[in-house]
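# Close look at the chain arrangement
Here is what each chain is made of, one letter per residue.
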Amino acid sequence: MNGESILFGLLNVAFVLLISPFFMMVIKKVKARVQGREGPHLLQGYYNLAKLFRKETLYSEYAGFISRIAPYAALSILLVAALQIPLIWIPEQELVTANIIVFLYLLVAGRLLIALLGLDTASTFGGMGSSREMSLSAIIEPVTVVVFAALVYVMGSFSIHGIFRTAMTTFPAYSPTVLLLSVPLFILIIVETGRVPVDNPETHLELTMVHEGMLLDTSGRNLALFELSHAVKQTLLMAILLNIVVPAGIALELSAFALVLGGAVFLLKGTVLCVIIGLFESAYAKMRFFQIPNFFMIAFFFSILTIFIEVMM
Amino acid sequence: MSELFLFIVLLYTLSGVIPLCIRKKRIWSVSSIIMCGGGILLTLFSLPCLLPSSAKTILFQGEWVTFPITIGIDRLSAVFCILLGILSLSVALYTPGYLDRMHGNRRKYVVSGFIPLFLLSMLLVILAGTTFAFLVFWELMAILSFFLVLTEFEEEKTRYASLFYLAMTQLSTVFVFLGILLIRMVTGSWEYPALLSGNDPLIFLSFLCLFFGIAIKSGVIPFHKWLPHAHPAAPSPVSALMSGMMISTALYALFRVVTGFYTPGVVYGFLILAFGCLTAVLGVMYALKEQDLKGLLAYSSIDNTGIILIGTGLWAVFSAFGYPALALMALAGAVFHAISHGLFKGLLFLTAGSVCQAAGTRNIDEMGGILVRMPWTGGFFFIGVLSIASIPPFSGFIGELLILQSLIGGLSELSPLLQIVMVVVLSLFSLTGALTVTTFVKAFGLTFLALPRSEGAKKAREVPWPMYAGPAVLAGVSAGLGIFSGQIFSFLGYPGLLPDLLVLFLLLLGTTILVYAAVWSYASRKTRITRTWDCGMMAPSSRMEYTGSGFTEPVVRFFGALYRTRIFSTREYLDPHQCLYKSGTGGIRLMKYFEECLYLPIARRIDRYASLVSSLQNGDVDRYVLYVFCTVLVLILILGWSA
């Protein structure tokens, strides 16, 4: 752990925390516009968080230590995961923990905590949400691992730092490998952040909700922490897709200008992707729960296809 | 060295014999103290043998030349000895409290006496230095565990389980016996062979026999059917040992056989890999839908066996194709996972045993709300859950990480055909991992969280401290093993296999504290305890909660083809046009595939064959005289012919 790594960690985490609520709002805004509504202000995400942090927190009388720990743990797990994914600057020296499998299992840890939180309050909605979340995750997990295995195989590195570096130096965005990989990575964003057609982030209707169901009984600062960690997770997954398909703009050496440029370029790339996600969400209806595996299979076959194409070449 | 070892054996024997001979009240606490000593000494004794510089040490040499019995320790057996030592310690702490609350009187002495002897028999299997000694101790282990399973013999289910177990475990011994005889035919000695190779079909046959023998013992599908019956039927400390240690002992035998006896071959590798994938995926699928808490843990042992088999199979495949680095990584993952599985499965079985005893049921659907009532037990169970769900940086994660790394590494290195195999194994492996998480969210969430769903669960109370001190030891070791895994591997002489999880742990801890501090200092601190949101109606009762069956229903439906679920319904109507509904029945049946399609047909065939044989034996003296006469006649004819 040298100074550069620490600086990288602080910068990356701060940047992720700063821009994540903005991206959430961009998607909301796009969806609202498509539906003919005005939509929230682009900074509304920050106002919401500030409001929630100021509010009183309620705990269920049935709840145990899971409800107390989970909000903090969920955010800190994602912040540690954020160290693995450089957004604007790839330092020379890799972190000792940089490993794509560690990243994946950190996501699993977050999911486990939230699923237990859903069961903790003895609410039927929580149980429903957590049952659905775990069932879906049982199917998406092999897909995720194969997608990332394809990534490792194509890019030849176990750390995401190395993967981005290779993407930047060797693979042009129009190469078939990158195009093929972008499809499953996009589907992963949709699934992992609970968006239409898998889950609907706006609804609180028991027929459709998955993620919201588990969080139904959280409030105040705990809800703020969960919303923030959800936004961070979305930004991290978006960063994986963005920095592989359009790696331009990432700083390779440390200088104030390169960092500012990298930040600005990432903000631009992220906003464009958010608009695409918003349009994608608006174009689809929520899928029936038991048909969702078919959607995952698309991602699975695309990543297998990537591997096979690489084998052929 | 040798004296110390004999002293340890003496301690184990003593703590086994004392409760069998002396019928004094709570004599088992004396025996437990001796066993604690034995466990600690064994761990300390084996630690130096782990060092990369240590060679095989002979601890005991039998005098009998025809059937030599040698006992020795090397690095592989030292690893498992340490596991056995730690498990002995924690089971010794746990057992007295469990026995105090168990019903029945005489059986308590038997249980507390047989547990140390059972442990001793496993220790001797691990340390056996000749195939003959291995066979003897293997059979000893089987018989002792059979009696332990039979403890609660009044229950019909237990009798069925133990008979099933006896049949299967004897089958396992038969296979091991055959394998050992075949090796003896090839090498001409009872010593462990070294890297047999060649085209002799006997060599492959001996491997098959040994593999099947070990597979039956470690619950490899399709030889697993006894395991989910026998492990839960035994008292909890015994279940912990059977799942934590006996499976590990069988896996030790697998590592010994696969890595030591034979030159790694592609066929061996693929055979193990195929069984491993089948076992891992089906094991966790069955675990997922299980409603019996201890049964769920037993099935999950099967799935972990599968994961270890995958690692071992990958070792053989990579070695055969000449990738020693990947092979080492896979094998390190498999051995590490065997050890950590022993630890966390022991932990889970012990804590689950406390819960089942306190709640008076093993059915997950009748539990709930245990965490508030038994906070310590629940907390340690949670650590076990984090380990088994392979959450970094707990110990269960390390094995999976190493095996995944070697799989993905193999994907990049091997030839196209093998790459396809790697992709298939990779997806099955990660499916297993994900389903394990789901299974244990169910096991923890529905047992420990929310509201109690039965009177028994409502009345559950925390156990006395030694009963969670035992699990606490395992929880501590399990977490420590994961956090310091990088250091442990460098200490053992394999640096650089995996990222440093100590740093990850410190980062996680530091970030959590920082987040907490930030929220505490800047956000509102107002907190209120209130009722769960009830849609404006009445307080939610436990009847409104999700049950275990409901929780896993979506997965059962996704994988309906594998579970072979049949939904059936019958309806009766009042009128001939079938409009006015009168009554009906409906249900969901999960087919017990292996029992109905594999075990029962074989059993029926054996039965038929046996009835044919038994008609020859009708007890009629005249008929026996006839048999003797015929035999003599045939003998005379044959001898006359050959002369």
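Residues numbered from 1 in each chain as written. Chains lettered and ligands numbered in written order. Predicted model: local features only at pLDDT ≥ 70, side-chain atom pairs only at ≥ 80, totals over all residues.

Looking up chain B in an unreviewed UniProt entry gives the name Hydrogenase membrane subunit, with the organism given as Methanospirillum stamsii. You can read under Subcellular location (unreviewed entry) in the UniProt record for chain B the words "Cell membrane". (UniProt positions renumbered as here; feature names shortened; annotations may be inferred.)

Identification of chain A as Hydrogenase from Methanospirillum stamsii is taken from an unreviewed UniProt entry. Check the Subcellular location (unreviewed entry) section of the UniProt entry for chain A; it says "Membrane".

## Topic: the overall build of chain B
If you tally the helices and strands in chain B, you get 24 helices and five strands. Against the 2.2 N^0.38 benchmark of 26 Å for 643 residues, chain B shows a C-alpha radius of gyration of 27 Å, consistent with a compact globule. Seen along its three principal axes, the alpha-carbon backbone of chain B occupies a region of about 105 × 80 × 70 Å. Taking as baseline every contact in chain B between residues at least 6 positions apart, the subset at least 24 positions apart corresponds to 77%. (Helix = DSSP H or I, 4+ residues; strand = E, 2+ residues; numbered from the N terminus. Rg over C-alpha atoms; globule rule 2.2 N^0.38 Å. Contact = placed C-beta atoms within 7 Å.)

## Some points on the overall build of chain A
Counting its regular elements, chain A contains eleven helices and one strand. Ordering the α and β elements of chain A from the N terminus gives α-α-β-α-α-α-α-α-α-α-α-α. In terms of overall size, chain A behaves like a compact globule, its C-alpha atoms giving a radius of gyration of 19 Å where 313 residues would be expected to give roughly 20 Å. Put simply, chain A has 313 residues, and 61% of those count as buried. Excluding contacts between residues fewer than 6 apart, the proportion of contacts in chain A whose partners are at least 24 apart in sequence is 80%. (Buried ≥ 20, exposed ≤ 12 C-beta atoms within 10 Å, placed from the backbone.)

## Section: unusual backbone geometry
The omega torsion of the bond from valine 196 of chain A to proline 197 of chain A falls at 10°, within 30 degrees of zero and hence cis. Locating proline 197 of chain A in the fold gives a position in the loop between helix H7 (176-192) and helix H8 (211-214). Proline 393 of chain B follows proline 392 of chain B through a cis peptide bond whose omega is 0°. Tracing the chain through its elements places proline 393 of chain B in the loop between helix H14 (375-388) and helix H15 (395-413).

## Examining the environment of leucine 166 of chain B
All names here are of chain B. By secondary structure assignment, the location of leucine 166 is in helix H6 (residues 156-187). Given 19 C-beta atoms within a 10 Å radius, leucine 166 is considered partly exposed. Separated by 471 residues in sequence, leucine 166 and leucine 637 place their C-alpha atoms 43 Å apart.

## Quick look at the UniProt feature "transmembrane region" (unreviewed entry) in chain A
With numbering matched to this structure, UniProt assigns "transmembrane region" (unreviewed entry) to residues 6-27, 69-90, 96-119, 139-161, 173-191, 235-252, 258-280 and 292-312 of chain A. From the first C-alpha to the last, residues 69-90 of chain A spans 32 Å; its make-up is 64% helix and 0% strand.

## As for the nonpolar core
Within soluble globular proteins, side chains that are nonpolar tend to cluster in buried spots. Residues and elements named next belong to chain B. Leu84 and Leu241 are the most contacted members of the largest nonpolar core, which has 331 residues in total. When residues in this core are grouped by element, the largest group, 22 residues, is from helix H12 (residues 324-359). Contact partners of leucine 84, with chain neighbours within four places excluded, come to Leu42, Leu119, Met122, Leu123, Ile126 and Met245. (Core = buried A, V, L, I, M, F, W, Y, C linked by C-beta atoms within 7 Å.)

## Focus on the interface of chain B and chain A
Each partner contributes to the interface: chain B provides 64 residues, whereas chain A provides 66 residues. Contributions of two or more residues to the side of chain B that touches chain A are made by helix H13 (370-373), H15, helix H16 (416-448), helix H20 (501-522), strand E3 (527-530) and helix H21 (548-558) of chain B. Per-element tally for the side of chain B that touches chain A: the top contributor is H16 of chain B, with 16 residues. For the side of chain B that touches chain A, a count of residues per class yields 42 nonpolar, 16 polar and six charged. Summarising the sheet, strand E1 (residues 57-60) of chain A and E3 of chain B pair through four bridges and their orientation is parallel. By the bridge assignment, threonine 57 of chain A is partnered in E3 of chain B with threonine 527 of chain B. (Nonpolar A, V, L, I, M, F, W, Y, C, P; charged D, E, K, R; others polar. Pairing = 2+ DSSP bridges.)

## Points about the domain arrangement of chain B
Parsing chain B into structural domains produces domain 1 (1-129), domain 2 (282-514), domain 3 (559-590) and domain 4 (593-642). Taking only C-alpha atoms into account, the centre of domain 2 of chain B sits 50 Å from that of domain 4 of chain B. (Domains from an automatic or database assignment.)

## Topic: helix H10 (residues 256-283) of chain A
Residue and element names in this part refer to chain A. Between the first and last C-alpha of H10 there are 41 Å, a value that for 28 residues agrees with the 40 Å anticipated at 1.5 Å per step. The set of residues buried in H10 consists of Gly262, Phe266, Lys269, Gly270, Leu273, Cys274, Ile277, Gly278 and Glu281. Each element contacted by the buried residues of H10 is listed here: helix H1 (3-34), H7 and helix H9 (220-245). (Expected span 1.5 Å × (residues − 1).)

## Concerning the UniProt feature "domain: NADH:quinone oxidoreductase/Mrp antiporter transmembrane" (unreviewed entry) in chain B
Per the UniProt record, "domain: NADH:quinone oxidoreductase/Mrp antiporter transmembrane" (unreviewed entry) is annotated on residues 132-428 of chain B. Helix makes up 81% of residues 132-428 of chain B and strand makes up 0%, while its end C-alpha atoms are separated by 38 Å.

## Observations concerning the packing of helix H1 (residues 2-21) of chain B against helix H2 (residues 27-46) of chain B
All names here are of chain B. In contact at an axis separation of 8 Å, H1 and H2 are set at 160° when each is read in the N-to-C sense. What the angle tells us is that H1 and H2 run roughly antiparallel. The two elements H1 and H2 meet at a crossing, and its hand is left-handed. Between H1 and H2, the residues in contact are Leu4, Phe5, Ile8, Leu11, Tyr12, Leu14, Ser15, Ile18 and Pro19 and Ile27, Trp28, Val30, Ser31, Ile34, Met35, Gly37, Gly38, Leu41, Leu42 and Phe45, respectively. Here the residues of the contact of H1 with H2 are counted per class, giving 16 nonpolar, four polar and no charged. (Axes fitted to C-alpha atoms, helices over the stretch in contact; angles between N-to-C directions. Parallel < 35°, antiparallel > 145°, perpendicular 65-115°, else oblique. Left-handed = near helix turned anticlockwise from the far one by under 90°.)

## So, the packing of H12 of chain B against H15 of chain B
Residues and elements named next belong to chain B. Put simply, H12 and H15 touch, their axes get as near as 7 Å, and they point 160° apart. In this view, H12 runs roughly antiparallel relative to H15, as classed from their interaxial angle. Pair H12 / H15 crosses with left-handed handedness. Seen from H12, the contacting residues are Leu326, Met329, Ala330, Ala332, Gly333, Ala334, Phe336, His337, Ser340, Leu343 and Phe344; seen from H15, they are Ser395, Gly396, Ile398, Gly399, Leu402, Ile403, Gln405, Ser406, Gly409, Gly410 and Glu413. In terms of residue class, the contact of H12 with H15 is built from eleven nonpolar, ten polar and one charged.

## Comments concerning the pairing of strand E2 (residues 70-73) of chain B
All names here are of chain B. Burial along E2 is one-sided: Ile71 and Ile73 are buried, and none of Thr70 and Gly72, which face the opposite way, are. Two elements, strand E1 (residues 57-61) and E2, share four bridges in a ladder whose sense is antiparallel. Note that in E2 the partner of isoleucine 58 across the bridge is glycine 72.

## Quick notes on H1 of chain B
Between its terminal C-alpha atoms H1 of chain B stretches 28 Å, which fits the 28 Å expected from 20 residues at 1.5 Å a residue. Next to the buried residues of H1 of chain B lie H2, E1 and helix H4 (106-127) of chain B.

## Let's talk about the environment of leucine 326 of chain B
Residues and elements named next belong to chain B. Relative to the elements of secondary structure, leucine 326 occurs in helix H12. Its 24 C-beta neighbours within 10 Å are what place leucine 326 among the buried residues. Each C-alpha atom of the pair leucine 326 and proline 228 lies 34 Å from the other, and the pair is 98 residues apart in sequence. Setting aside its immediate chain neighbours within four residues, leucine 326 contacts Phe318, Ser406, Gly409, Gly410 and Glu413.

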